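What the coordinates show
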Amino acid sequence: MKDGKALYFSPAEFAIMLELAGEEPCSLLCDSSTLDDTDLAKAFISLFRRGLIQREKDRLTVSGEGRLFSRIRNAPIAVVMTQRKPYGSELICYAEEDTLFLVELTDAILTRQYRLQALDRPELVVRLFDAGLLERPVLTDGDVPELTILFADELEENAGRPIFRLEKYCNGGSLLDTYELRCGKSGSLLYRTSEAAHGTELYTTEALSRMLTDCFGKGSY
């Protein structure tokens, strides 16, 4: 899957692909849909026709572009991203060393679909900005010393309304780090909490780069 191409799956298709891709624990997006036997039967037929699953001896396996699901299963890190405005939305990104797999629930006619894209790190940042999930910082770390004095109380109180949240997990396991982009009186603030550290800082170009590097690995941000 190259050049920003996206693959679409019904909830039943997505569940089948993950089930056939392996047994490693895997973090998932929340989906309230209930699958019945008819949904699953239609999904199996569709996936066979698309060449995404195949029969090998006495079992079914992923095939073709469906092998991406094995990489999703084995990705070490999963980052859940939640947008608070203007409409709540949730995405999950599975981070490999060289590739990021972005999965989001999208509304289609009469149903919801999973959209899967394989991206590199610069492409992910462009995707987050273009979708309005992240806003571009207007400050740099050079502005911090003076502004930190002016807005010391707000920073100390971790003030502000959350507008975007990232949760970094071991894929299928424990929560490692949480970041929130908050809208404060002084502008945008970045709040971090983890076992190792917590606190609020001004949302600068460098602060954004540090957050993305921590969540998705080293790259061009």
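Calculation rules
Residues numbered from 1 in each chain as written. Predicted model: local features only at pLDDT ≥ 70, side-chain atom pairs only at ≥ 80, totals over all residues. Heavy atoms only, no water. pLDDT = per-residue confidence, 0-100. Helix = DSSP H or I, 4+ residues; strand = E, 2+ residues; numbered from the N terminus. Expected span 1.5 Å × (residues − 1). Polar contact = N/O pair within 3.5 Å; in protein donor to acceptor, adjacent residues only side chain to side chain. Axes fitted to C-alpha atoms, helices over the stretch in contact; angles between N-to-C directions. Parallel < 35°, antiparallel > 145°, perpendicular 65-115°, else oblique. Left-handed = near helix turned anticlockwise from the far one by under 90°. Contact = heavy atoms within 4.5 Å. Nonpolar A, V, L, I, M, F, W, Y, C, P; charged D, E, K, R; others polar. Phe/Tyr/Trp six-rings, centres within 6.5 Å; stacked < 30°, edge-to-face > 60°. Buried < 20%, exposed > 50% of the residue type's maximum accessible area, 1.4 Å probe, protein only.

The next thing to look at is the confidence of the model for the protein. Detailed reading of the predicted coordinates is not advisable wherever pLDDT falls low. For the protein, the average pLDDT comes to 87, and 91% of its residues sit at 70 or higher. Mean pLDDT across the elements of the protein ranges from a minimum in helix H6 (residues 152–156), with 68, to a maximum in helix H3 (residues 68–74), with 96.

Let us now look at helix H2 (residues 37–49). Taking 1.5 Å of rise per residue, the 13 residues of H2 would be expected to cover 18 Å, and the 19 Å separating its terminal C-alpha atoms lies within 8% of that figure. A distance of 3.1 Å separates the backbone nitrogen of Thr38 from a side-chain oxygen at the start of H2, and that oxygen is part of Asp36.

What follows covers the packing of helix H1 (residues 11–21) against H2. Packing of H1 against H2 brings their axes to within 8 Å, and their N-to-C directions diverge by 70°. Relative to H2, the element H1 is oriented roughly perpendicular. With respect to the hand of their crossing, H1 and H2 are arranged in right-handed fashion. Along the contact surface, H1 presents Ala12, Glu13, Ile16 and Met17, while H2 presents Asp39, Leu40, Ala43, Phe44, Ser46 and Leu47. The residue inventory of the contact of H1 with H2, partitioned by class, reads seven nonpolar, one polar and two charged.

Position of Pro145 relative to the elements: it lies in helix H5 (residues 144–150). Measuring from C-alpha to C-alpha, the distance between Pro145 and Pro122 comes to 29 Å, with 23 residues separating the pair along the chain.

So, on to the packing of aromatic side chains. The full count for this structure, using the stated rule, is four aromatic pairs. Between Phe9 and Phe14 the ring centres are 6.2 Å apart and the planes differ by 70°, which places this aromatic pair in the edge-to-face class. Across this residue pair, the class does not change: Phe9 and Phe14 are buried. Here the aromatic rings of Phe14 and Tyr114 are separated by 4.1 Å at their centres, their planes lie at 15°, and the arrangement is stacked.

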